[in-house]
Amino acid sequence: MKKYSCALTLSLLLIGITNSQEIIRRDPEIESMIRQISPQRLEQHILKLVSFHTRHNMSEQNSADKGIGAAWNWILKEFESYVPASGGRLKVEFDEYKTGGERQRIPQEITLKNVIATLQGSDPADTRIIVMSAHLDSRAARDIDNTNAAPGANDDASGIAAMLEICRIISAKPFPATIVFMAFSGEEHGLLGARHTAQKAKDENWNIIALLNNDMIANSDAGETLANSNMRLRVFSEGVPALETDAMASLRRYTSGENDGKARQLARYIKEIGERYVDQLDVTLIFRNDRFGRGGDHTPFCQLGFTAVRISEFNENYDRQHQVPRTEDGKVYGDLPEFIDYEYLRKNTGVNLAVLANLAQAPWEPVNCGIRMSGTGNHTTIGWEPPKQGKKPAGYYVMMRETYMPLWQKKIFVTGTEITLPYSKDNYFFAVQSVDENGHESLPVFPGQMRR
Ligand SMILES: [Zn+2]
């Protein structure tokens, strides 16, 4: 039976359609958490990380105040300072791995450490994990230069600072799902730390439903083109998944779902939720996995079949990335704290916080979501089943968009588990989300073929 409340009830959301208005409903608790983000603390974190001189993967590991070891020790301690506020739900640990060797970018074998802070969900039966990640290592120009200063204020102290600040704020509130903060080493020498943890997550069957990798989120100045904006943030997402079984590929071709993989759904979700809570910011979706010729720590997770995206500033400045700090012809080079745009970093931290807080308390996704493909006609019937775990959703959002449109255009609130819409399935794409009574929605599920 179709059963859905109409637009006159509270939850029909129309986005981006001519003559329509977007209805914004903010959860006051999430709003309040975002207000707690402190640009001063973000700055202190960046200055502290810069003070270690270099966080190169082959730098000092046993000094209290210099090198990568000082950095991971400090990050661990900082996370640990949030444990009391979490009521013991936050667990902080190193995750060590051996890497390097002959003919590798790190030419001798060394042990590196990631820092992992796990904020255990309040529901022990809830296996969902949402990850925020950033990398703690830095570099100057040359791969093996472990002595020159490599401040890495933006790349990627900005991501680590955002992560610490979010952990501080979010640890105080229990969420049913688990949130894991991952500070990776080894990024600058081939995503080594992320590869290690991604493989572990795969081997141990972690139910990671989303990974938000933040790498360089605080530079607003594009340098040579003179473009400058702290009002746009990029989210990179793969289209066709890096890991796809024959069955997944065949369903993708059948549904024309090449623009509707899980990473793409997550990216659209980040745009919607980020812009719902953070003012003066346009979350700009980049429909590619990463920039040309360069990588990020989300990629090893994508390659193992996880849903992972990269979050980065809109404008990069190449005079400030991977440079030995110096002044040449009056021009300053280097990834220095004075170039950080703290208001921009505050907003980008807010996007991450909003997404983590919204998703960690959303109901589980609907299951067995499908479109009735049999027969012809200009109506579309979509059906699904309630999630098998977690709280019962208050309802579902059925989303639709024209096939050529990048973003969902309509969001229809439904209380049942089937809907027939007067739109042809040939002309639109659809997806379904679970939603609770406070408006926290799950990630969208792109339907396959209805089985009943
Ligand atoms: Zn980076």
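This section reports on the structure supplied with the text. (Residues numbered from 1 in each chain as written. Predicted model: local features only at pLDDT ≥ 70, side-chain atom pairs only at ≥ 80, totals over all residues. Heavy atoms only, no water.)

### Remarks on the overall build of the chain
Okay, step 1: For the chain, the count of helices and strands is nine helices and 18 strands.
Okay, step 2: Computed over the C-alpha atoms, the radius of gyration of the chain is 22 Å, within 12% of the 22 Å expected from 2.2 N^0.38 for a compact globule of 452 residues.
Okay, step 3: A total of 452 residues make up the chain; the buried ones form 59% of that total.
Okay, step 4: By sequence separation, contacts in the chain at least 24 residues apart represent 75% of the contacts at least 6 residues apart. (Helix = DSSP H or I, 4+ residues; strand = E, 2+ residues; numbered from the N terminus. Rg over C-alpha atoms; globule rule 2.2 N^0.38 Å. Buried < 20%, exposed > 50% of the residue type's maximum accessible area, 1.4 Å probe, protein only. Contact = heavy atoms within 4.5 Å.)

### Considering the pairing of strand S8 (residues 282-286)
Okay, step 1: For S8, a buried count of four out of five residues is recorded, marking the element as mostly surrounded by other parts of the structure.
Okay, step 2: Bridging between strand S7 (residues 232-236) and S8 involves five bridges; their strand directions are parallel. Each residue of the ladder has a partner; that of Phe236, found in S8, is Ile286. (Pairing = 2+ DSSP bridges.)

### Points about the sheet that holds strand S12 (residues 367-371)
Okay, step 1: With mixed pairing, four strands are arranged side by side in an open sheet as S16-S13-S12-S18. Each having just a single partner strand, strand S16 (418-421) and strand S18 (448-449) make up the two edges of the open sheet.
Okay, step 2: Note that S12 and strand S13 (residues 380-385) share three bridges and pair antiparallel. Bridging across to S13, Val367 finds its partner in Glu385.

### Looking at the packing of helix H4 (residues 157-170) against helix H9 (residues 342-360)
Okay, step 1: Where H4 contacts H9, the axes come no closer than 10 Å and their chain directions differ by 50°. With respect to H9, the element H4 is oriented oblique. The handedness of the crossing between H4 and H9 comes out as right-handed. Here H4 contributes Ser158, Ala162, Ile166, Ile169 and Ile170 to the contact with H9, which in turn contributes Leu345, Thr349, Asn352, Leu353, Leu356 and Ala357.
Okay, step 2: Residue composition of the contact of H4 with H9, by class: eight nonpolar, three polar and no charged. (Axes fitted to C-alpha atoms, helices over the stretch in contact; angles between N-to-C directions. Parallel < 35°, antiparallel > 145°, perpendicular 65-115°, else oblique. Left-handed = near helix turned anticlockwise from the far one by under 90°. Nonpolar A, V, L, I, M, F, W, Y, C, P; charged D, E, K, R; others polar.)

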